[in-house]
Amino acid sequence: MAEAGGAGSGELFVTMGKWAVAPAPTLIRTLLGSCVGVVLYDRLAKMGGVAHIVLPDSRGDTSLPGKYADTAIPAMIADFDRQLGRKSLPRLVAKIVGGASMFQTSTPGMNIGKQNHEAVERILGSLGIPILARELGGEAGRRLTLDTSSGTVSIRIPGGTDHEI
Amino acid sequence: MSQGQILSAYQLRLLGSIFERGAEAASRALTQWLGKAVHLTISEVDQVDITEVAGLLGPEDATVAVCTMSFAGRLEGQLLLVFSDAAGLALADLLLQQPTGTTTAWTELERSAACETANIVGCAYLNALSTHLPRGDQNQGETLIPSPPEFRHEFAASLLEFAVMEQASVLERVLLIKTRFQADQAHLDWVLLFVPTPNSLGELSRIHP
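The structure displayed is predicted, hence computed values, not measured ones.

Procedures and definitions
- Chains are numbered independently. Their residues run from 1 in the order of the written sequence.
- Following the order in which they are written, the chains are lettered starting with A and the ligands numbered starting with 1.
- Predicted model: local features are reported for residues with pLDDT of at least 70 only, side-chain atom pairs are reported and counted for 80 or more only, and whole-chain, interface and lining totals are derived from all residues.
- To get the side-chain values, take all heavy atoms of the structure and skip hydrogens and water.
- Helical segments are the DSSP runs of H or I of at least four residues, strand segments are the runs of E of at least two, and each set is numbered from the N terminus.
- Put simply, the radius of gyration uses C-alpha atoms, and a globule should come to 2.2 Å times the residue count raised to 0.38.
- Each residue is assigned to one of three classes by its accessible area relative to the maximum for its type, calculated with a 1.4 Å probe on protein chains only: buried under 20%, partly exposed between the two thresholds, exposed over 50%.
- Only the protein chains shown count as cover for residues, with accessible areas throughout obtained via the Shrake-Rupley method and a probe of 1.4 Å.
- Of the two site types, the cavity is a set of points on a 1 Å grid over the protein atoms alone where a 1.4 Å probe fits but cannot get out, and the pocket is an open set with protein on both sides within 12 Å along at least five of seven lines, each lined by residues with an atom within 4 Å of a point.
- Grid points are joined across faces, edges and corners, and a volume is the space filled by probe spheres set on the points.
- Confidence scores here are pLDDT values: one per residue, from the predictor, ranging 0 to 100.
- The contact definition used throughout considers only heavy atoms, calling two residues in contact when any of these lie within 4.5 Å.
- Two strands form a pair only when DSSP identifies at least two bridges running between them.
- Helix axes are fitted only over the stretch in contact, all axes being lines through C-alpha atoms; the angle between N-to-C directions runs from 0 to 180 degrees.
- Defined in terms of a 1.4 Å probe, buried area is the accessible area two parts forfeit on being brought together, summed over both.
- Whenever a carboxyl oxygen of Asp or Glu lies within 4 Å of a side-chain nitrogen of Lys or Arg, that contact is scored as a salt bridge.
- Pairs of N or O atoms are called polar contacts if they sit within 3.5 Å, as long as, within protein, a hydrogen donor faces a hydrogen acceptor (for residues adjacent in sequence, only side-chain-to-side-chain pairs).
- Only Asp, Glu, Lys and Arg are considered charged, only Ala, Val, Leu, Ile, Met, Phe, Trp, Tyr, Cys and Pro nonpolar, and every remaining residue, Gly among them, polar.
- Every helix has an expected span of 1.5 Å times one less than the residues it contains.

## Looking at the overall build of chain A
At step 1: When you go through chain A residue by residue, the secondary structure sums to two helices and 10 strands.
At step 2: Counted from the first residue to the last, chain A has its helices and strands arranged as β-β-β-β-β-α-β-α-β-β-β-β.
At step 3: Computed over its C-alpha atoms, the radius of gyration of chain A comes to 15 Å, within 12% of the 15 Å expected for a compact globule of 165 residues.
At step 4: Projecting the C-alpha coordinates of chain A onto the three principal axes gives extents of approximately 45 × 40 × 25 Å.
At step 5: Residue burial in chain A is summarised as follows: out of 165 residues, 55% are buried.
At step 6: Just so you have it, chain A exposes about 6500 Å², and 52% of that area is on carbon and sulfur atoms.

## A closer look at empty space enclosed by the protein
Residue and element names in this part refer to chain B.
At step 1: As enumerated under the stated definition, the model contains two cavities of 30 Å³ or more in all.
At step 2: Empty space within the largest cavity amounts to approximately 60 Å³.
At step 3: Forming the walls of the largest cavity are Glu 44, Val 48, Leu 56, Leu 57, Leu 160, Leu 176, Lys 178 and Leu 193.
At step 4: Listed by contribution, the elements that provide at least two residues to the lining of the largest cavity are β1 (38–49) and β6 (173–183).

## Here we look at the confidence of the model for chain B
Residue and element names in this part refer to chain B.
At step 1: Overall, the predicted model of chain B reaches an average pLDDT of 85, with 92% of residues at or above 70.
At step 2: Per-element averaging of pLDDT across chain B places helix α6 (residues 198–205) at the bottom with 83 and strand β5 (residues 150–155) at the top with 93.
At step 3: Here residues 1–5 is modelled with pLDDT under 50, and outside its nearest four sequence neighbours on either side it reaches 13 contacts, counting other chains as well.

## Quick word on the sheet that holds strand β8 (residues 142–147) of chain A
Through backbone hydrogen bonds, the strands of a sheet pair up, either in parallel or in antiparallel fashion.
At step 1: Reading across the sheet, the five strands line up as β1-β3-β8-β9-β10 (chain A) and stay open at both edges, with mixed pairing between neighbours. With partners counted over all chains shown, the strands left at the sheet margins are β1 (11–13) and β10 (163–164) of chain A, one partner each.
At step 2: Direction of pairing for β8(A) relative to strand β9 (residues 152–156) of chain A: antiparallel, over a ladder of five bridges. Counterpart to Leu146(A) in the pairing with β9(A) is Val153(A).
At step 3: Docked against the sheet, helix α4 (residues 156–163) of chain B engages β3 (27–32) and β8 of chain A, running at close to 50° with respect to β3(A).

## Some thoughts on the interface of chain A and chain B
At step 1: On the chain B side, the residues contacting the 34 residues of chain A number 33 residues.
At step 2: Each partner contributes to the roughly 2800 Å² buried at the junction of chain A and chain B, and carbon and sulfur atoms together form 62% of this total.
At step 3: Taken together, the connections running from chain A to chain B amount to two salt bridges.
At step 4: At the surface where chain A touches chain B, the tally comes to 13 residue pairs in polar contact (both at pLDDT 80 or more).
At step 5: Secondary structure elements with two or more residues in the side of chain A that touches chain B: β3 and β8 of chain A.
At step 6: Tallied by class, residues from the side of chain A that touches chain B come to 16 nonpolar, 11 polar and seven charged.

## Observations concerning helix α1 (residues 69–84) of chain A
Residue and element names in this part refer to chain A.
At step 1: The end-to-end C-alpha distance of α1 is 23 Å, a good match for the 22 Å that 16 residues give at a rise of 1.5 Å each.
At step 2: If you check which residues of α1 are buried, you get Ala 69, Thr 71, Ala 72, Ile 73, Ala 75, Met 76, Ile 77, Asp 79, Phe 80 and Asp 81.
At step 3: Next to the buried residues of α1 lie β2 (19–23), β4 (36–42), β5 (47–53), β6 (92–98) and α2 (112–127).

Below is the structure:
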């Protein structure tokens, strides 16, 4: 576990630029706008993690590893390895959520959500982690909940009901 | 992190006093619009760690109504007028001269009323800032030009995350200026957030009395 509370504490909330890894039974939640939530899951170990990624590239900045796609994903995998006491990579699968463009900003064309999505796809691809599901883009924020008992990812948009991916 | 864009406590106080002028102007405009005395006060001028942003408007997964306006000119960024659902719908009742509780859903009419209120508050606020900010570079226009408001119904944390994204792209602490509203001695559950872009944060850091 890193960054967002104690393992097995029942429910964890992951804020911007953080990640959490926990064994079952734990619900890991985050709320996303243009950030991308990366869910990693080991079905046999029933252990899951969520990273709330803000930007695609750290450009060498190591001060807040959970903030960037290229540092958050390796940091989360290292957390799996530490908790499992073995290399987790061969059994990990991924789901990715978020990357919305919610309203007009003063810098049109600065679509960070899309850049985050592309970076996450590239990094997971380079690590050989299969992406089982994606829900990205659009104009609404999303609440993501990972149930580490099943690997189920539930998503809710404002005013809507939960649906699973 | 770009250390030059971090404001000192003194600069934050100075900014607070300038933004109070914006709040006073917006109070007058809003009082005229609503036909009821409303006072806006700056409650926070602070730089917040990005990991703490999600909870600034209360519970992260509470849904809030928000009217967003971007602004351009000497400063660029976002103004967000955020209401709890109950407070936003009560505003619609007030504007439509109905008993509080009559409006129960955000139809086009209520959204339009909220956006018009945001437009009045935002324009008054930005006009006052234009007037009271110390003169800048002669090549820069002094006027702050707002976009038309957009209405959203959003999770509070998602809204804040998107609003601070431009600052978060270059900083680990983001500047938020938070204004609260009061009418009849009671706090209204409305918040106005001023979120400058990183470049504008740099401009604000060069302000001297």
